[in-house]
Amino acid sequence: MGSERKAPEPCSIVIFGASGDLTARKLIPAFYHLCKEKQMPSAFRIIGFARREKTDESWRNELRAALDQFSRTKPVDEKVWQEFSANLFYCQGDITDAAAYKKLEERLTSFGSGPLRENLLFYLATLPSQFGEVVEQIHRAGLLNKEGSAWQRIVVEKPFGHDLASAHALNRELTRFAHEQQVCRIDHYLGKETVQNILMFRFSNSVFERLWNRNLIDHVQITVSEKLGVGQRGGYYEEAGALRDMVQNHMLQVLALIAMEPPVSLESEAIRDEKVKLLKSIRPLGPDDVARQIVRGQYFAGTVNGLPAPGYRQEPKVKSDSNVETYVALKLFIDNWRWSGVPFYLRTGKCLPQSASEVRIQFRPTPHVLFAAQCDLKLDSNSITLRLQPNEGISLHFNGKVPGMSLGVRPVRMNFSYDAEFGAYTPEAYERLLLEAIAGDATLFIRRDEVETAWKIVDSIRAGWDGKPLTNREFYAAGTWGPVAAEDLLAQSGHVWHEPQQLT
Ligand code: BG6
């Protein structure tokens, strides 16, 4: 990961489910930007595969309109678009129809017998229940070889199942005709610059790595808060909930990167081994632990940004008596040498007062409260905040003397900001992830055992909730920081949640 690598090899990319939102909003804008930044292979083709009747031309026109809307840089560069769009093709077909794959194979063969026919990236932007079918069909059409010098890879998106058993089944389906090494499971959080920087920050700075253990760290807080409610995604969310939607993947990934041991090398397997080891050392949760250590919540109507916001149960496609959690807070322990006894608090929710993701490392207080006694103040203990988004950066908080004759003390902040240091370079997570998939670097993709270990944790929490409807204490007004029980969770150990930092 990270270092300069050789130019990616020419290849063709096939997007299954190409009529969907993901293609228009994320995939095509990401490929366009990779093209603009001259990161794409010297030759490439992108084929959209979907059921609706379209020509190459009409698909291109549709994508152009989408790009005008969703591109992170505007206006769209005409010259780059002309060059890029000449490589876009459409293949109409039903995912279950062998003849459609034959047509796809012919289209690929029309690109010649070289790498554009042989090096293939299959992006499955379809329902997970269709993954098995697509993989089998591309195998039968002779497009997926387990051996050989050319490469073929399959990219899939979450959800990877809805519990351990279904994830297991899905993984079995995916690897029936492909090797595990050919499967790229995307967690878009791993494509974010700031998430990638966690390992860099930890393992290239001796100053910080020395502090990174139970002797100095009191506790860790990971917050991923969102202002928006579930909006139009009620149907999906009713099946998911915050635990499956955010904790199983993004939050446990961030936790693993924050807490894992140094890998033996920067090889993808070495890094993923350490992440799995960390996830496996999270203390198992029985039903009593769930009652004590996990808080869930659901928003009711409130005010966000000064505007009225509906409650979750009033959102479209949500049951009027739904017990699905839109908020979850967890107190986890990692039973290993480095972290024994250090609580890791994680929280995420919809309709909270801010959209922000950050990790706060809270250090132990000074052994003796010398100044606090003098100043009649409760001194803040030191902390480091890694701001994943927005205002990406890192801050170190410590206490400083207020200038003047008295012994006034005040918390102050040393701040590193990505924008100030490097300029506003904010590639979308998908740009990085698609490039890694083409290059064949698996570091940023989730390995099978990672997914399954994370599901084990989530399943144990769901088992603790099983059959228990939400109680009054578990509701929170839209626009507030979640249910009071989440405050109590930390108060038991004398801790408080810190609101994500808002930089001015
Ligand atoms: C997705 C979830 O995986 O991540 C969404 O399904 C959530 O519910 C989103 O809003 C958050 O991603 P980001 O990049 O906006 O923090």
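Residues numbered from 1 in each chain as written. Predicted model: local features only at pLDDT ≥ 70, side-chain atom pairs only at ≥ 80, totals over all residues. Heavy atoms only, no water.

Before going further, it helps to examine the pattern of salt bridges. Following the criterion strictly, the structure yields 33 salt bridges and no others. One salt bridge in this structure joins arginine 447 and aspartate 449, with 2.9 Å as the shortest N-O distance. (Salt bridge = Lys/Arg side-chain N within 4 Å of Asp/Glu carboxyl O.)

Around the ligand, the neighbouring residues are Lys158, His188, Tyr189, Lys192, Glu226, Arg233, Asp245, Met246, His250, Lys350 and Gln389. Here an oxygen atom of the ligand sits 2.6 Å away from a polar atom, N or O, in the side chain of lysine 192. Within the side chain of arginine 233, a nitrogen or oxygen atom sits 2.8 Å from an oxygen atom of the ligand. Within the complex, the protein chains bury 77% of what would otherwise be the 400 Å² of accessible surface of the ligand. In terms of residue count, helix H10 (residues 234-259) provides more of the shell around the ligand than any other element does, three residues in total. Class assignment of the residues belonging to the shell around the ligand gives a composition of two nonpolar, three polar and six charged. (Near = heavy atom within 4 Å. Polar contact = N/O pair within 3.5 Å; in protein donor to acceptor, adjacent residues only side chain to side chain. Areas by Shrake-Rupley, 256 points an atom, 1.4 Å probe, with all protein chains shown as cover. Helix = DSSP H or I, 4+ residues; strand = E, 2+ residues; numbered from the N terminus. Nonpolar A, V, L, I, M, F, W, Y, C, P; charged D, E, K, R; others polar.)

Along the polypeptide, alanine 478 turns up in the loop between strand S17 (475-477) and helix H17 (484-491). Here the alpha-carbon distance between alanine 478 and alanine 301, two residues 177 residues apart in the chain, equals 5.6 Å. Discounting chain neighbours no more than four positions away, the residues touching alanine 478 are Tyr299, Phe300, Ala301, Gly302, Thr303, Val304, Ala309 and Cys351. (Contact = heavy atoms within 4.5 Å.)

The buried fraction of strand S12 (residues 343-349) amounts to seven of the seven residues, a majority that puts the element mostly inside the structure. Side chains of S12 alternate between two faces, with Pro343, Tyr345, Arg347 and Gly349 and Phe344, Leu346 and Thr348 buried alike. One ladder, built from seven bridges, connects strand S11 (residues 327-333) with S12; its direction is antiparallel. When the bridges of S12 are listed, leucine 330 appears paired with leucine 346. (Buried < 20%, exposed > 50% of the residue type's maximum accessible area, 1.4 Å probe, protein only. Pairing = 2+ DSSP bridges.)

Mapped onto the elements of the fold, aspartate 441 is located in the loop between helix H15 (429-439) and helix H16 (448-465). One polar contact links aspartate 441 to threonine 443, side chain to side chain, over a distance of 2.6 Å.

All right, on to the side chain of arginine 202 then. Relative to the helices and strands, arginine 202 is located in helix H8 (residues 193-203). Accessibility expressed as a relative area gives 1% for arginine 202, which makes it buried. If we skip the residues at most four places from it in the chain, arginine 202 touches Glu209, Trp212, Leu257, Ile258, Ala259, Met260 and Arg338.

Moving on, we get to the state of the cysteines. If you walk through the whole model with that rule in mind, you get zero disulfides. In this structure cysteine 11 is not part of a disulfide, and its nearest cysteine sulfur, from cysteine 184, lies 12 Å away. Accessibility expressed as a relative area gives 0% for cysteine 11, which makes it buried. No disulfide involves cysteine 91; its nearest neighbouring cysteine sulfur is the one of cysteine 11, lying 17 Å away. (Disulfide = S-S within 2.5 Å.)

For the rest of this paragraph, the subject is unusual backbone geometry. Cis geometry marks the peptide bond from lysine 158 to proline 159; its omega dihedral reads 0 degrees. With an omega of -15 degrees, the peptide bond between glutamine 389 and proline 390 qualifies as cis. Along the chain, proline 390 falls in the loop between strand S14 (383-389) and strand S15 (393-401). In this model, asparagine 391 sits at a positive phi of 50 degrees, which is unusual for a non-glycine residue. Residue classification places asparagine 391 among the partly exposed positions, given a relative accessible area of 35%.

The next thing to look at is the packing of aromatic side chains. Per the counting criterion, the structure on display carries 20 aromatic pairs. Relative to tyrosine 418, the ring of phenylalanine 416 has its centre 5.0 Å away and its plane inclined at 50 degrees; by these criteria the two rings are tilted. Given a relative accessible area of 23%, phenylalanine 416 falls into the partly exposed group. The class for tyrosine 418 is buried, based on a relative accessible area of 14%. One aromatic cluster in this structure is built from Tyr237, Tyr299, Tyr312, Tyr327 and Tyr476. In this arrangement the basic side chain of arginine 45 is found over the ring face of phenylalanine 111, its NZ or CZ atom lying 5.2 Å from the centre. For arginine 153, the ring lying beneath its charged end belongs to tryptophan 151, and the centroid distance is 4.0 Å. (Phe/Tyr/Trp six-rings, centres within 6.5 Å; stacked < 30°, edge-to-face > 60°. Lys NZ or Arg CZ within 6 Å of the ring centre and 35° of its normal.)

This paragraph deals with helix H4 (residues 98-109). For H4, spanning 12 residues, the distance from its first C-alpha to its last is 17 Å, which sits close to the expected 16 Å at 1.5 Å a residue. Buried within H4 we find Ala100, Tyr101, Leu104, Glu105 and Leu108. The buried residues of H4 occupy an angular sector of 145 degrees when projected down its axis, which confines them to one face. Two or three places before alanine 99, at the start of H4, stands the capping residue aspartate 97, its side-chain oxygen 3.0 Å from that residue's backbone nitrogen. (Expected span 1.5 Å × (residues − 1). Arc of directions from axis to C-beta.)

Glancing now at helix H11 (residues 268-280). Its 13 residues give H11 an end-to-end C-alpha distance of 18 Å, which sits within 8% of 18 Å, the value for a rise of 1.5 Å per residue. Buried within H11 we find Ser268, Ala270, Ile271, Arg272, Glu274, Lys275, Val276, Leu278 and Leu279. Of the surrounding elements, those touching the buried residues of H11 are H8, H10 and H16.

By way of backbone hydrogen bonds, the strands of a sheet pair with one another, either parallel or antiparallel. Taking strand neighbours across the sheet as the criterion, the nine strands line up as S16-S15-S14-S13-S7-S12-S11-S8-S17 in an open arrangement whose pairing is mixed. Each of the sheet's edge strands pairs with one partner strand only, and the pair in question is strand S16 (409-417) and S17. The sheet shows a mean angle of 20 degrees between the axes of neighbouring strands, direction not considered. Sheet analysis places strand S8 (residues 294-300) next to S17, joined by three bridges and oriented parallel. Residue glutamine 298 lies in a different strand from S17, and its bridge partner there is phenylalanine 475. Along the sheet, H10 makes contact with strand S7 (217-225), S11, S12, strand S13 (356-363) and S14, crossing S12 at roughly 140 degrees. (Axes fitted to C-alpha atoms, helices over the stretch in contact; angles between N-to-C directions.)

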